[in-house]
Amino acid sequence: MSSSIRISNETKRKLELVKREDETYDELLARLATTEKDIDERGGFADDSVVEDMAHAREDLNESLKDRSDRQQ
């Protein structure tokens, strides 16, 4: 089944910056939407350090995207 979502051109540019060359947009969004529950279900190892590392990685990614976006404007 397929669906579509509307995003702004700015959001699309940000997604293009983090999208891997061999990755579909569906795979990219699924990767970015990974949650603590997903990790726990996959390996049963989502302890506090993994969750904290994920939060830091998300913060770093958001900061990087903002910096790149600001440079493109």
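Residues numbered from 1 in each chain as written. Predicted model: local features only at pLDDT ≥ 70, side-chain atom pairs only at ≥ 80, totals over all residues. Heavy atoms only, no water.

1. Thoughts on the overall build of the chain
Next up, step 1: For the chain, the helix and strand inventory stands at four helices and zero strands.
Next up, step 2: Taken from the N to the C terminus, the helices and strands of the chain come in the order α-α-α-α.
Next up, step 3: Buried residues in the chain amount to 15% of all 73 residues.
Next up, step 4: Within the chain, contacts between residues at least 6 apart in sequence are counted, and of these 35% link residues at least 24 apart.
Next up, step 5: Of the accessible surface of the chain, which amounts to about 6200 Å², a share of 46% is contributed by carbon and sulfur atoms. (Helix = DSSP H or I, 4+ residues; strand = E, 2+ residues; numbered from the N terminus. Buried < 20%, exposed > 50% of the residue type's maximum accessible area, 1.4 Å probe, protein only. Contact = heavy atoms within 4.5 Å. Areas by Shrake-Rupley, 256 points an atom, 1.4 Å probe, with all protein chains shown as cover.)

2. Points about the environment of Leu65
Next up, step 1: The topology assignment puts Leu65 in helix α4 (residues 48–72).
Next up, step 2: Given a relative accessible area of 11%, Leu65 falls into the buried group.

3. What about a negative patch on the surface?
Next up, step 1: Together, Glu21, Asp22, Asp26 and Glu27 make up a region of like negative charge exposed at the surface.
Next up, step 2: Among the residues examined, Asp26 registers a relative accessible area of 61% and is labelled exposed. (Patch = residues over 30% accessible without salt bridge, like charges linked within 9 Å, V, L, I, M, F, W, Y side chains within 5 Å. Salt bridge = Lys/Arg side-chain N within 4 Å of Asp/Glu carboxyl O. Lys, Arg positive; Asp, Glu negative; His and termini not counted. Charge placed at Lys NZ, Arg CZ, Asp CG, Glu CD.)

4. Some words on the confidence of the model for the chain
Next up, step 1: For the chain, mean pLDDT is 81; residues scoring 70 or higher make up 79% of the total.
Next up, step 2: At the level of individual helices and strands, the chain shows its lowest average pLDDT in helix α3 (residues 36–43), which scores 66, and its highest in helix α1 (residues 9–18), which scores 91. (pLDDT = per-residue confidence, 0-100.)

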